[in-house]
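Chain by chain, the residues:
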Amino acid sequence: MSDERWIWGIGLATASADGTILDAWFPEPQVGRLPLGFDPAIPPAQLEQLAVPDDRRGVTVNTLAIEVDLDAPPSSTPDAYLRLHALSHRLALPNTLNLDGIFAHLPNVAWTTAGPMHPDDLTRLRPFLLRDGIQVQGLDKFPRLLDYVTPPGVRIADASRVRLGAYLSPGTTVMHEGFVNFNAGTLGSSMVEGRISQGVVVGDGSDIGGGSSIMGTLSGGGAHRVSIGRRTLLGANAGIGISLGDDCVVEAGLYVTAGSKIVLADEAPRHDGSLPSVKGAELSGRDGMLYRRNSLTGAIEAVRRTGVGVTLNEALHA
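Each value, and the rule that gives it
Residues numbered from 1 in each chain as written. Predicted model: local features only at pLDDT ≥ 70, side-chain atom pairs only at ≥ 80, totals over all residues. Heavy atoms only, no water. Helix = DSSP H or I, 4+ residues; strand = E, 2+ residues; numbered from the N terminus. Buried < 20%, exposed > 50% of the residue type's maximum accessible area, 1.4 Å probe, protein only. Expected span 1.5 Å × (residues − 1). Contact = heavy atoms within 4.5 Å. Polar contact = N/O pair within 3.5 Å; in protein donor to acceptor, adjacent residues only side chain to side chain. Domains from an automatic or database assignment. Buried area = accessible area lost by both parts, 1.4 Å probe. Salt bridge = Lys/Arg side-chain N within 4 Å of Asp/Glu carboxyl O. Nonpolar A, V, L, I, M, F, W, Y, C, P; charged D, E, K, R; others polar. Phe/Tyr/Trp six-rings, centres within 6.5 Å; stacked < 30°, edge-to-face > 60°. Lys NZ or Arg CZ within 6 Å of the ring centre and 35° of its normal.

**Remarks on unusual backbone geometry**
Phi at Arg90 is positive, roughly 65°, even though this residue is not glycine. Inspection of the secondary structure puts Arg90 in the loop between helix 2 (77–88) and strand 5 (109–112). In this structure, Asn183 is a non-glycine residue whose phi angle is positive, near 55°. Of the residues examined, Asn183 reaches a relative accessible area of 2% and is grouped as buried.

Quick look at the structure:
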């Protein structure tokens, strides 16, 4: 097996009083195996200085060093966190590493402004949190990306809207109402004002409009992983359950799923004068398509379009 299918990292793990590992932070994960001769018992000095207990949250912090086979499923909480770090550090593209069963290795955590803590300890320790001005920001299995990784060349208007495990390429802007889940993200400069669900990737130069939605696979919506090509616009409040190719446009407010009946508006009429139609799945991934709603009949229509799609504001994404 190639060493390129391995990731290793040295970091810190936070554990609650009952021994539950709450999270793991790897400042500089690397592709490959742990170096020969490396002694995990001798961590870098800067990490050793941070490995101290925090009685306010009822946690201890310890150093650790692990390596992960990306083709095998996660086997522990630190293993799961290293995979999420690999995605957000751009060491692995979405959908290229094994995440089977990852939820079982991610405990539900109370995320505070001072770091993670066990939810069961919140009531007991709340007076100490209040005394020190520590606020609880959420209860979830996934933390915020920016609490662990600072992706170069990226703008994120609201840190709570991007999870650790998101893959954001340089030039990406995630506006206040944008959302990017783990194992999803952008493959180039993109404007994100809508929701990019788990497993979804967006190509260079594309615009995910405000309030728009892209189907993922976490909620039983099927096995197809939706992707969006380059220079494609998903209009405001629109949504898709099919993939879009390059230079496509989905009209604002229009939702196109695999089962949607779509009229091919620029095809020759049939013998009875009606226009041919297909299910959305048959157009999935096709380049140069405009999807729109007929204002008179209400039918979803697809027409071929020529030229390039949207052009992002270069100054905004520089």
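**Some words on helix 2**
Here helix 2 contains 12 residues, and its C-alpha end-to-end distance of 17 Å stays within 8% of the 16 Å for a straight helix at 1.5 Å per residue. Burial of helix 2 is extensive: 12 of the 12 residues sit out of reach of the surface. Those residues of helix 2 not exposed but buried are Thr77, Pro78, Asp79, Ala80, Tyr81, Leu82, Arg83, Leu84, His85, Ala86, Leu87 and Ser88. Those residues of helix 2 hidden inside the fold are in contact with strand 1 (6–16), strand 2 (21–25), strand 4 (59–69), strand 5 and strand 9 (166–167). The opening residue of helix 2, the one whose side-chain oxygen lies 3.2 Å from the backbone nitrogen of Asp79, is Ser76.

**Focus: the domain arrangement of the protein**
What the domain assignment lists for the protein is domain 1 (3–107) and domain 2 (145–316). Between domain 1 and domain 2, the C-alpha centre-to-centre distance is 33 Å. In this complex, domain 1 contributes 17 residues to the contact, which on the side of domain 2 involves 22 residues. Summed over both sides, the interface between domain 1 and domain 2 buries roughly 1,600 Å², with carbon and sulfur atoms accounting for 64% of that surface. Counting across the interface, domain 1 meets domain 2 through 0 salt bridges. Seen at the junction of domain 1 and domain 2, the total is 9 residue pairs in polar contact (both at pLDDT 80 or more). Where the side of domain 1 that touches domain 2 is concerned, the elements lending two or more residues are strand 2 and helix 2. Tallied by class, the residues present in the side of domain 1 that touches domain 2 amount to 11 nonpolar, 4 polar and 2 charged.

**Focus: the packing of aromatic side chains**
Scanning the model with the defined rule gives 4 aromatic pairs in all. On the numbers, 6.1 Å between centres and 45° between planes, the contact of Tyr81 with Tyr148 is tilted. Placement of Tyr81 in helix 2 and of Tyr148 in the loop between strand 7 (136–140) and strand 8 (155–156) is noted, with a sequence separation of 67 residues between them. Both residues of the pair, Tyr81 and Tyr148, belong to the buried class. Aromatic side chains Phe103 and Phe182 sit 6.0 Å apart centroid to centroid with 85° between the ring planes, which places their arrangement in the edge-to-face category. Taken together, the positions of Phe103 in the loop between helix 2 and strand 5 and Phe182 in the loop between strand 11 (179–180) and strand 12 (184–186) put the pair 79 residues apart, joining distant regions of the chain. Members of the aromatic cluster, connected to one another through ring pairs, are Phe103, Phe142 and Phe182. Geometry around Trp6 places Arg33 over its ring, the cationic atom sitting 3.6 Å from the centre.

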